[in-house]
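# Fold and geometry: a report
Spelled out from the first residue to the last, the chains are:
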Amino acid sequence: MVTLKDIARECNVSFSTVSKALKGSNEISADTIAIIQNKAAEMGYHPNIAARTLRTNRTYDIGVIFEDKTGSGFQHQYFAKIISGLQEIIQNNSYDLTFTGPAVNQPYDYYKHIIGRNFDGVVILSADFNRPDLTEVIKSGIPTVALDYVYDKNHISVISDNKQGMSELMEYIISMGHTKIAMIHGEDTGVTKERKEIFIETAAKHGIKIPKEYFVEALYHDPFTSAEGTSYLLSLPEPPTCICFPDDYSALGGIREINSRNLTPGKDISIAGYDGIMLTSMMLPPLTTYEQDGEMIGRCLAESLINQIEGKYSKPEEFKPKLISGRLLKGGTIANISK
């Protein structure tokens, strides 16, 4: 069996240099890392996980909590991007990912399961953050990082900049002459509340008051409830000229409802999504949306968690929420009615 000492001897470097190179450490040069990793692959090196676990008292296993109400799983392109970025950093640092969570309508205790699996850390992507068993995980001292939810100043969060995203989207819609703007929003979460607040604030800044009937609740990543919401909005005595959807995939349900009424998005009714998935960028015209940087979010989640596990965070500012920006994609589904 090939060992680190064998690789060190072949590369004429120290044992510790080989160890750092195989972890992708930034303490040594990229050229040295490439030479050592290539030599390790050429020699058929495989890490001895059991020995490493005994030596470091770690399992090198990270739990991922991902609850999915719509049953779409990793078909959700936004979360697929996040997981891709997460996996890249986790694997480069020689950790493994294990997804954990309840089966549909089955009792489940996150704390008992996570303690039983002895995870080195936990990434919380999507869940009821107020669950007692999840709160127990947070209080336990296990390193954690949460997506789009801030627990307290001692636990790290990675936040997609919803304030910037919704603000840029609304500013663009309003610049195109729209004042009758409706919002089909997702279920009651912190993300939903923030987006709705910015939606209202940006409209108010331009002297636009949004009537309560222009707000409709649906489910994230669910075209069916968004189609129902679209039908309701288009049937109002004074329908909106523009509808914002909770995410791009949900917008597809709205588009189907619009088409069923012989209307054309971007011409007869304007629409906007949120996420920036590839599917809606291929439409004609492409969907106007705000693209969240899923891969950067995933990488930041992984780096933040590994730094906690390996004791690299000690200063209070290192535990502050990390804000990740995206970009506005103008597409072609917002008609200019200011002319």
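Residue numbering note: each chain is counted from 1, following its sequence as written. Local features in a predicted model are, by the rule used here, given only for residues with pLDDT of at least 70; side-chain atom pairs are given and counted only at 80 or more, and totals for whole chains, interfaces and linings are based on all residues. Hydrogens are left out, water is left out, and the side-chain values use all remaining heavy atoms of the structure.

## A short note on the environment of Gly177
Mapping Gly177 onto the fold places it in the loop between helix H8 (162-175) and strand S6 (181-185). Taking the C-alpha atoms as reference points, Gly177 and Ile334, separated by 157 residues in sequence, lie 9.8 Å from one another. When residues no more than four places from it in sequence are discounted, the contact partners of Gly177 are Ile337 and Ser338. Put simply, DSSP H or I for four residues or longer makes a helix, DSSP E for two residues or longer makes a strand, and each gets a number counted from the N terminus. Any two residues whose heavy atoms approach within 4.5 Å are treated as being in contact.

## With respect to the sheet that holds strand S4 (residues 144-147)
DSSP calls a pair of strands paired once it identifies at least 2 bridges connecting them. Within the open sheet, the 6 strands sit side by side as S2-S1-S3-S4-S5-S11. Their pairing is parallel. Pairing within the sheet leaves two strands with one partner each, and these edge strands are strand S2 (96-100) and strand S11 (322-324). Put simply, the sheet's adjacent strands are angled 20° from each other on average, direction ignored. Relative to S4, strand S3 (residues 121-126) runs parallel, the two being bridged by 3 bridges. Angular values range over 0 to 180 degrees, each being the angle between N-to-C directions of two axes fitted as lines to C-alpha atoms, with helices fitted over their stretch in contact.

## Some remarks on the nonpolar core
Within soluble globular proteins, side chains that are nonpolar tend to cluster in buried spots. Counting 38 residues, the largest nonpolar core has Ile173, Ile181, Phe199 and Ile243 as its most contacted members. Of all elements in the fold, only H8, S6, helix H9 (190-205), strand S7 (215-217), helix H10 (223-234), strand S8 (242-244), helix H11 (248-260) and strand S9 (270-272) reach the threshold of two or more residues within this core. Looking at which element gives the most residues to this core, the answer is H8, with 6 residues. Setting aside chain neighbours within four positions, we find Ile173 in contact with His178, Ile181, Cys242, Cys244, Ala272 and Ile334. By nonpolar core we mean a set of buried residues, namely Ala, Val, Leu, Ile, Met, Phe, Trp, Tyr and Cys, connected to one another through side-chain atoms within 4.5 Å. Three labels apply to residues, based on accessible area from a 1.4 Å probe with only protein chains included: buried if under 20% of the type maximum, exposed if over 50%, partly exposed otherwise in between.

## Let's talk about the environment of Glu171
Considering the arrangement of structural elements, one finds Glu171 in helix H8. A relative accessible area of 25% means that Glu171 is categorised as partly exposed. For the pair Glu171 and Thr202, spaced 31 residues apart in sequence, the C-alpha separation works out to 7.1 Å. A polar contact is formed between the side chain of Glu171 and the side chain of His206, at a distance of 2.9 Å. Two N or O atoms count as a polar contact when they lie within 3.5 Å, although within protein this holds only if one can serve as hydrogen donor and the other as acceptor, and sequence-adjacent residues are included solely when both atoms are side-chain atoms.

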